Amino acid sequence: MARHPELLIPASSLEVLKTAVIFGADAVYIGGEAFGLRAKAKNFSMEDMREGIAFAHEHDVKVYVTANILAHNKDLDGVREYFKELKEIKPDALIIADPGVFEIAKEVCPEIERHISTQANNTNYATYNFWYKQGASRVVSARELSLEELRELRANIPEDLEIETFVHGAMCISYSGRCLLSNYFTGRDANQGACTHPCRWKYAVVEETRPGEYMPVYENERGTYIFNSKDLCMIEHIPGLIEAGIDSFKIEGRMKTALYVATVARTYRKAIDDYQKDPSLYQKNMPWYLEQISNCTYRQFTTGFFFGRPDETTQIYDSNTYVKEYTYLGIIGEEKEGLYRIEQRNKFSVGETIEIMKPDGQNIETKVLNILTEEGEPQESAPHPKQVLYIGLDQKAAPYDILRRKED
C-alpha cells in the first residue's frame, strides 16, 4: 500500500507551534513543563498547550505531547496527575518511552493515542509487535536503523501500526539518545530531560601526574571534537523513505527557533507534495530544496545510518559551530495603520534590506522604512531582543510570515 507520509515538526513554544502549522506541518510535537526530554526548551504551560492544540486543530493539524523521560519512583504520582490534565485538553497522542508511564497513560487517558519514543530503543519488528499488543498505535524507530531494516520491519508488523522515523536534524552520539555523558560530567541527566550536550564540547587528554598539561585528542589528525556529528538530512531521499513504508517523517529540533522550523517545514512540505504529485517535478525542484534547507543553522549534512554505518565523514572534527546563512529577525503579527507588529529577535535598522519568508515558498526582499516602539516613538534600529515594535516595509507581509536577514 502506498502510504502518505505525515510531516511531523517540533515546537519549543506557542509561537513556534503556530509557525509550524502555517508553514506546512501535518502534526507538531511539543513538551509540557515536566516529563519530557527537553527541560531546557521553553516548553508549554497548560494554558499555552490548550491554545496551541486548539490552533492546530482549527488547521487540521495534530499535536503530540512528549512524556518520554525514563521515570523514577518519585515521578510516577506527578505523571498520573499530568495525564489527568492532558485528558482535559485532548492532544492527539502521547510520546512515551517508559513502560510504567505507558501503563499509567493507558489507565488515565485511554482515548489518547500512545506513541513509543525513540528513547525506548526500537530496533526490530519484534519490539514493534510487542508495543502493538500493549496498545501503541505508533513506534518511533531508533536512528540507528537503515532503510533496508525499515523495509523489513514494515513487512513484519501490522498494517495499522505506524512507523515514525527521524529524517532531519541533530544526531545524538549515544544509542537512540540514551546518553550518560551529561550526567557523568555535570550531574544533569539527559534521560530526565536535562542534557547539557557534552557531545559538542572540545576535548583534550590530561595525564594523571601532570595536571594542567593538556594534550589534544586527534582522530587521524582531523581535530578534537570527537563526538560531534553532522546533522541528518534526507531531503534527497523522499522516494526511498516512502517506499520503505514510513508513516511519519519526524524533524528533530525542539530547542530550535521559528526560522529553523519554518525553513525545514516549508522545504520538506514542498518536497513531499511535489514527489506525490509527480516524481519528475520532485527531481526538477531538487536544487531549490537543497538551497532552502541550508538557509537555517545546521552542522553540515549526513544521511546518518540510512545507507549503512556512518564513518569518519559523518563527523565534524575541527569545530562545533553551526553554518548560519540567515539571521532570524521576527514574525509578522497584526497590521496597524500600515505598520506590522513584531517581537524583535535580532538587531536590524531603518533603511536595511531584509527578507520576508512566506509559507508558499516565496522569499521577498523588502526595505525597512521605519521602526516605532509600542509607544509610537521612532527608532533608527532595533537592538533589544524581544522588544515589541511596529515596522514599516515597502512590500506587503501577512501574519506568520518570517522576517530574516541574509548574512555575508
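These numbers come from a predicted model, not from an experiment. (Residues numbered from 1 in each chain as written. Predicted model: local features only at pLDDT ≥ 70, side-chain atom pairs only at ≥ 80, totals over all residues. Heavy atoms only, no water.)

1. Notes on the overall build of the protein chain
What the protein chain contains, in helices and strands, is eleven helices and 20 strands. Buried residues in the protein chain amount to 54% of all 408 residues. Taking all contacts inside the protein chain whose residues are at least 6 apart in sequence as the whole, residues at least 24 apart take part in 68%. Total accessible area computed for the protein chain in this model is approximately 18,500 Å², and 48% of it derives from carbon and sulfur atoms. (Helix = DSSP H or I, 4+ residues; strand = E, 2+ residues; numbered from the N terminus. Buried < 20%, exposed > 50% of the residue type's maximum accessible area, 1.4 Å probe, protein only. Contact = heavy atoms within 4.5 Å. Areas by Shrake-Rupley, 256 points an atom, 1.4 Å probe, with all protein chains shown as cover.)

2. Here we look at helix H3 (residues 76–89)
With 14 residues, H3 extends 20 Å from end C-alpha to end C-alpha; this agrees with the ideal 20 Å at 1.5 Å per step. Taken residue by residue, H3 has Val-79, Tyr-82, Phe-83, Leu-86 and Ile-89 as its buried positions. Seen end-on, H3 carries its buried residues on one side only, within an arc spanning 110 degrees. Opposite the buried face of H3, by more than 90 degrees, sit the exposed residues Asp-77 and Glu-88. At its buried positions, H3 is contacted by helix H2 (46–58), strand E3 (62–67), strand E4 (93–96) and helix H4 (99–108). Lys-90 lies just past H3 and shows a positive phi near 60 degrees. (Expected span 1.5 Å × (residues − 1). Arc of directions from axis to C-beta.)

3. Here we look at the packing of aromatic side chains
Using the criterion set out here, one finds seven aromatic pairs in the structure. Here the aromatic rings of Phe-55 and Tyr-400 are separated by 5.8 Å at their centres, their planes lie at 55 degrees, and the arrangement is tilted. Here Phe-55 is found in helix H2, whereas its partner Tyr-400 is found in the loop between strand E19 (388–393) and strand E20 (402–406), with 345 residues between them in sequence. Accessibility expressed as a relative area gives 10% for Phe-55, which makes it buried. You can call Tyr-400 partly exposed: its relative accessible area is 25%. When the ring centre of Phe-102 is taken as reference, the NZ or CZ atom of Arg-114 above it lies at 5.3 Å. (Phe/Tyr/Trp six-rings, centres within 6.5 Å; stacked < 30°, edge-to-face > 60°. Lys NZ or Arg CZ within 6 Å of the ring centre and 35° of its normal.)

4. Overview of the nonpolar core
Counting residues in each nonpolar core, the largest one holds 91 residues, and the members touching the most others are Val-28, Ile-30, Met-49, Phe-83, Leu-94, Tyr-268 and Ile-402. Considering each element in turn, this core owes the most residues, ten residues, to helix H9 (residues 258–277). In this structure, Tyr-268 is in contact with Leu-7, Val-167, His-168, Cys-233, Met-234, Ile-235, Ile-238, Ile-251 and Ile-293, ignoring residues within four places of it in sequence. Among the nonpolar cores identified, the runner-up in size contains 15 residues, and Leu-329, Phe-348, Leu-389 and Ala-397 belong to it. (Core = buried A, V, L, I, M, F, W, Y, C linked by side-chain atoms within 4.5 Å.)

5. Considering the side chain of Asn-129
For Asn-129, the location among the structural elements is in helix H5 (residues 125–134). Judged by relative accessible area, which is 18%, Asn-129 ranks as buried.

6. Observations regarding the packing of helix H1 (residues 14–22) against H9
The N-to-C vectors of H1 and H9 enclose an angle of 15 degrees; their axes lie 9 Å apart at closest approach. Between H1 and H9, the interaxial angle falls into the category roughly parallel. Considering how the two elements wind past one another, H1 and H9 form a crossing that is right-handed. Of the residues in H9, those touching H1 at Val-16, Thr-19 and Ala-20 are Ala-258, Val-261 and Ala-262. Residues belonging to the contact of H1 with H9 are distributed by class as follows: five nonpolar, one polar and no charged. (Axes fitted to C-alpha atoms, helices over the stretch in contact; angles between N-to-C directions. Parallel < 35°, antiparallel > 145°, perpendicular 65-115°, else oblique. Left-handed = near helix turned anticlockwise from the far one by under 90°. Nonpolar A, V, L, I, M, F, W, Y, C, P; charged D, E, K, R; others polar.)

7. Some details on H2
Residue pairs three or four apart in sequence face the same way in an α-helix, which turns once every 3.6 residues. The terminal C-alpha atoms of H2, which comprises 13 residues, lie 18 Å apart, in line with the 18 Å expected from a rise of 1.5 Å per residue. Within the sequence span of H2, burial applies to Met-49, Gly-52, Ile-53, Phe-55 and Ala-56. The arc that holds the buried residues of H2, viewed along the axis, is 165 degrees, so those residues lie on one side. Counted as exposed and oriented over 90 degrees from the buried face of H2: Glu-47 and Glu-58. Positive backbone phi, at 60 degrees, marks Asp-60, one or two positions downstream of H2.

8. Section: the pairing of strand E7 (residues 162–169)
Sheet faces and side chains relate simply in a regular strand, where the side chains alternate between the two faces. Of all eight residues making up E7, seven are buried, and the element is well covered by its neighbours. As paired elements, strand E6 (residues 138–140) and E7 share three bridges and run parallel to each other. When the bridges of E7 are listed, Arg-138 appears paired with Glu-162. Note on the crossover from E6 through helix H6 (residues 147–155) to E7: the handedness is right-handed. (Pairing = 2+ DSSP bridges. Right-handed = clockwise from strand over helix to strand, strands pointing away.)

9. Observations regarding the confidence of the model for the protein chain
Do not read the predicted coordinates in detail wherever pLDDT is low. Chain-level statistics for the protein chain give a pLDDT mean of 86 and a share of 80% at 70 or above. Taken as a whole, residues 219–224 scores under 50 in pLDDT and shows 13 contacts with residues more than four places along the chain or in a different chain. In this model, residues 314–320 is a region of pLDDT below 50 whose contacts with residues beyond four sequence positions or in other chains number 29 contacts. (pLDDT = per-residue confidence, 0-100.)

10. Re the environment of Leu-14
You can see Leu-14 is positioned in helix H1. Placed 37 residues apart in sequence, Leu-14 and Glu-51 show a C-alpha to C-alpha distance of 7.9 Å. Those residues within four positions of Leu-14 in sequence are excluded, and the remaining contacts are Phe-44, Asp-48, Glu-51 and Gly-52.

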